[in-house]
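The lines below spell out each chain.
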Protein chains: 2
Amino acid sequence: MIYNIFKVFNTDDERKAYQKKIQQTLGFKPGAFEYYEMAMLHSSATANQKKGKIGHNERLEFLGDSVLDLIIADILFLQYPDKDEGELTRMRSVLVNRAQLNYIANEMGLDKLIIGNFVKNILPEDVKGNALEALIGAIYLDKGFAFTYKYVKKKIIEKYIKFQEVMHDHRDYKSELFMWAQKNKQHIRFETVSDTGKGEKKRYVINVLVAGKVAGTGEGGSKKKAEQLACKNACKKLNINIK
Amino acid sequence: MIYNIFKVFNTDDERKAYQKKIQQTLGFKPGAFEYYEMAMLHSSATANQKKGKIGHNERLEFLGDSVLDLIIADILFLQYPDKDEGELTRMRSVLVNRAQLNYIANEMGLDKLIIGNFVKNILPEDVKGNALEALIGAIYLDKGFAFTYKYVKKKIIEKYIKFQEVMHDHRDYKSELFMWAQKNKQHIRFETVSDTGKGEKKRYVINVLVAGKVAGTGEGGSKKKAEQLACKNACKKLNINIK
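Keep in mind that what you see is a predicted model, and the values were worked out from it rather than measured.

### Considerations on the overall build of chain A
Helix and strand counts for chain A stand at ten helices and three strands. Listed by position from the N terminus, the elements making up chain A come as α-α-α-α-α-α-α-α-α-β-β-β-α. Compactness check: chain A gives a C-alpha radius of gyration of 23 Å against a globular reference of 18 Å for 243 residues, more than 25% above the reference. Dimensions of chain A along its principal axes, counting C-alpha atoms only, are 75 × 40 × 25 Å.

Have a look at this one:
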């Protein structure tokens, strides 16, 4: 697969200098630089390119997204043998959400490699996360799955994702609060503060009361979510130590 | 990873006979039969099992779903260099939809391997497709990605999915019909025959008229879908050759 890359460099030396930066950022020597150059090429850079071969990173992003999904699925599957598929799915969506990908792309320095035409030269956050997915697609095409798995696990996930912290936030605060209450002989109840909107605009505001006093408030699109957030805030306020 | 498999076999010989059937169905010798046994174990078979380790195929299904998604993404990426990521995503969803997975599972004979307690002993269709995804997860765990890729491509996708036909069916019949009409100086219009139900039960029945005569009828949950089907039927009726 040779791509018809849009000519973004004026001289061969310029391109070589760019390839050197890619290699430094990756920490390994690519087999085919074309994939990585393509991964860093935002569609805005190729807007004037004639149609036909697609010369920007969105196809690689499609591929890389699937590669990353499988790697995370594999890691979670092995690491959490007692979690069911629903929990694994939720954990994955927390681990690799948009904000997380944008953050990692920044940390890796992809913002300095991305090529595109942006308003006032400001790189939108999502462009960075998308470039990271495309980069993972490039590594997969260049080096295969086994290499990509090891690289992504060690150099991206374990390096930048605070696994325990993210998973921690995924805890069931409601159960924790109830367990704490039982141990400490406290009575817990919820009260709905407001219940507004319909369908997608549905919002609940719910208080959780411990021994008759508001210990936390939560807001969400379902009662369950609002209660969870209320309990999370209550756990913080009451200094309940979540394992 | 050793699983705490629910005891579904009365004797060792019974289990060995079952493992032989698995091997015959797969066409290769598994390294660890446990994965494949687990993949064929529907949650209904383990409903009375004590909580803790999860002894049915739903976690494997989560993993296999991601493996299959990546394999299809890779195949489409290489096979269709001119399609953008939106088209690739749509193509993938057509290739591995629920009905397609259920069909393949039947063709492979997974229905004869699945273990579970079903009402009147009738295996629900989706249970079969889910078992296929779990099986792909099992192959991945047992043999790794490279083996799974080759196996799924050759023994599942190329064998059971009529790639060209599915892709063909993915054509935009409405555009084709309009292009044909323009070329042949024919007038096209739609008429809504019925518009019933609400939300998920919403149904449209729409006719497409060519030169004032009904050329095709379509039904769907959105106007767009009903129109597409109407145009598909019209293309057939008018012998319009879809490339």
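### A word on the sheet that holds strand β3 (residues 213-220) of chain B
All names here are of chain B. Pairing is antiparallel across the open sheet formed by three strands, whose spatial order is β1-β2-β3. Across the chains shown, the open sheet's two edge strands, defined by having one partner strand only, are β1 (188-196) and β3. Going from strand to strand, the sheet's axes swing by 20 degrees on average, the running direction of each strand aside. Relative to β3, strand β2 (residues 203-210) runs antiparallel, the two being bridged by seven bridges. Each bridged residue has a counterpart across the sheet, and for L209 the counterpart in β3 is V214. Taken strand by strand, helix α9 (residues 173-183) contacts β1 and β2, and its axis lies near 145 degrees from that of β1.

### With respect to the packing of aromatic side chains
Aromatic ring pairs are described here by two measures, namely the spacing of the ring centres and the angle between the planes. Residue and element names in this part refer to chain A. Counted by the stated rule, this structure contains 15 aromatic pairs over all chains. Arranged with centres 4.9 Å apart and planes meeting at 75 degrees, the rings of F28 and F147 form a pair that is edge-to-face. Linking F28 in the loop between α1 (12-26) and α2 (33-39) with F147 in helix α7 (residues 145-160), this pair joins segments that are 119 residues apart in sequence. Look at F147 and you get partly exposed, because its relative accessible area is 31%.

### Description of the relation of the copies chain B and chain A
Mapping chain B onto chain A calls for a rotation angle of 180 degrees and an axial translation of 0.9 Å; the resulting RMSD is 1.5 Å. Overall, the copies show the geometry of a two-fold rotation axis. For chain B, the residue whose C-alpha comes nearest the rotation axis is B:S66, separated from it by 3.2 Å. With an isologous cut-off of 70% or more, the 100% of interface residues of chain B that recur at the interface of chain A puts this contact in the isologous class.

### Structural notes on the sheet that holds strand β3 (residues 213-220) of chain A
Residue and element names in this part refer to chain A. Spatial ordering of the open sheet is given by β1-β2-β3, a layout of three strands whose pairing is antiparallel. This sheet does not close on itself; its edge strands, each paired only once, are β1 (188-196) and β3. With direction set aside, neighbouring strand axes in the sheet form an average angle of 20 degrees. For β1 and strand β2 (residues 203-210), the ladder comprises eight bridges, and the chain directions are antiparallel. Residue pairing across strands places E191 opposite N207, the latter belonging to β2. Across the sheet, helix α9 (residues 173-183) is in contact with β1 and β2; its angle to β1 comes to roughly 145 degrees. Contacts from helix α10 (residues 223-237) reach β1, β2 and β3 within the one sheet, and its direction differs from that of β3 by about 140 degrees.

### Points about the pattern of salt bridges
By the definition in use, this model includes 20 salt bridges over all chains. Taking the shortest distance from any N to any O, the salt bridge between A:K202 and A:D195 comes out at 2.6 Å. In this structure, B:K83 and B:E87 form a salt bridge, with 3.8 Å as the shortest nitrogen-oxygen distance.

### Structural notes on the interface of chain B and chain A
Note: interface size is frequently given as the accessible area lost on complex formation between the parts. At the interface, 32 residues of chain B touch 32 residues of chain A. Buried area between chain B and chain A, both sides added, is near 2900 Å², and the carbon and sulfur share of it is 66%. Looking at the side of chain B facing chain A, the largest losses of area belong to B:R59, B:F62 and B:F77, adding up to 28% of the total buried there. Where chain B touches chain A, the interface holds zero salt bridges. At the surface where chain B touches chain A, the tally comes to ten residue pairs in polar contact (both at pLDDT 80 or more). Looking at the side of chain B that touches chain A, the elements that each hand over two or more residues are α3 (58-79), α4 (85-95), α6 (125-143) and α7 (145-160) of chain B. Take the side of chain B that touches chain A: its biggest share by element is 14 residues, from α3(B). By residue class, the composition of the side of chain B that touches chain A is 19 nonpolar, three polar and ten charged.

### A short note on helix α5 (residues 98-108) of chain A
Those residues of α5(A) not exposed but buried are A:Q100, A:L101, A:N102, A:I104, A:A105 and A:M108. Downstream of α5(A) by a residue or two, A:G109 has a phi angle that is positive, lying close to 85 degrees.

### Focus: the domain arrangement of chain A
Looking at chain A, the domain boundaries give domain 1 (12-168) and domain 2 (173-237). For domain 1 of chain A and domain 2 of chain A, the distance between their C-alpha centroids amounts to 37 Å.

### Things to note about the pairing of β2(B)
Counting buried positions along β2(B) yields seven of eight residues, so the element is predominantly enclosed. The antiparallel hairpin formed by β2(B) and β3(B) contains two residues in its connecting segment, where B:A211 sits at a positive phi of about 50 degrees.

### Here we look at the environment of A:I115
Residue and element names in this part refer to chain A. In this fold, I115 is placed in the loop between α5 and α6 (125-143). Exposure remark for I115: the relative accessible area of 18% places this residue in the buried category. Taking the C-alpha atoms as reference, I115 lies 9.8 Å from H56; in sequence the two are 59 residues apart.

### Regarding the confidence of the model for chain A
Residues and elements named next belong to chain A. Of all residues in chain A, 90% have pLDDT values of 70 or greater, and the mean over the chain is 87. The element-level mean pLDDT for chain A is lowest in helix α8 (residues 163-168), coming to 69, with α6 highest at 97. When the criterion is pLDDT under 50, residues 1-6 qualifies, and its contacts beyond four places in sequence or with other chains add up to 16 contacts. We note a pTM of 0.71 for the whole complex and an ipTM of 0.71 for its interfaces.

### Overview of the packing of helix α3 (residues 58-79) of chain A against α4(B)
Following both chains from N to C, one finds α3(A) and α4(B) inclined at 40 degrees, their axes separated by 8 Å at the closest point. By the criterion of interaxial angle, the relationship of α3(A) to α4(B) is oblique. From α3(A), A:E58, A:R59, A:F62 and A:S66 reach across to α4(B), where they touch B:E85, B:L88, B:T89 and B:R92. Across the contact of α3(A) with α4(B), the residue classes break down as two nonpolar, two polar and four charged.

The rules behind these values
- Residues numbered from 1 in each chain as written.
- Chains lettered and ligands numbered in written order.
- Predicted model: local features only at pLDDT ≥ 70, side-chain atom pairs only at ≥ 80, totals over all residues.
- Heavy atoms only, no water.
- Helix = DSSP H or I, 4+ residues; strand = E, 2+ residues; numbered from the N terminus.
- Rg over C-alpha atoms; globule rule 2.2 N^0.38 Å.
- Pairing = 2+ DSSP bridges.
- Axes fitted to C-alpha atoms, helices over the stretch in contact; angles between N-to-C directions.
- Contact = heavy atoms within 4.5 Å.
- Phe/Tyr/Trp six-rings, centres within 6.5 Å; stacked < 30°, edge-to-face > 60°.
- Buried < 20%, exposed > 50% of the residue type's maximum accessible area, 1.4 Å probe, protein only.
- Least-squares fit on C-alpha atoms with pLDDT ≥ 70 in both.
- Salt bridge = Lys/Arg side-chain N within 4 Å of Asp/Glu carboxyl O.
- Buried area = accessible area lost by both parts, 1.4 Å probe.
- Polar contact = N/O pair within 3.5 Å; in protein donor to acceptor, adjacent residues only side chain to side chain.
- Nonpolar A, V, L, I, M, F, W, Y, C, P; charged D, E, K, R; others polar.
- Domains from an automatic or database assignment.
- pLDDT = per-residue confidence, 0-100.
- Parallel < 35°, antiparallel > 145°, perpendicular 65-115°, else oblique.

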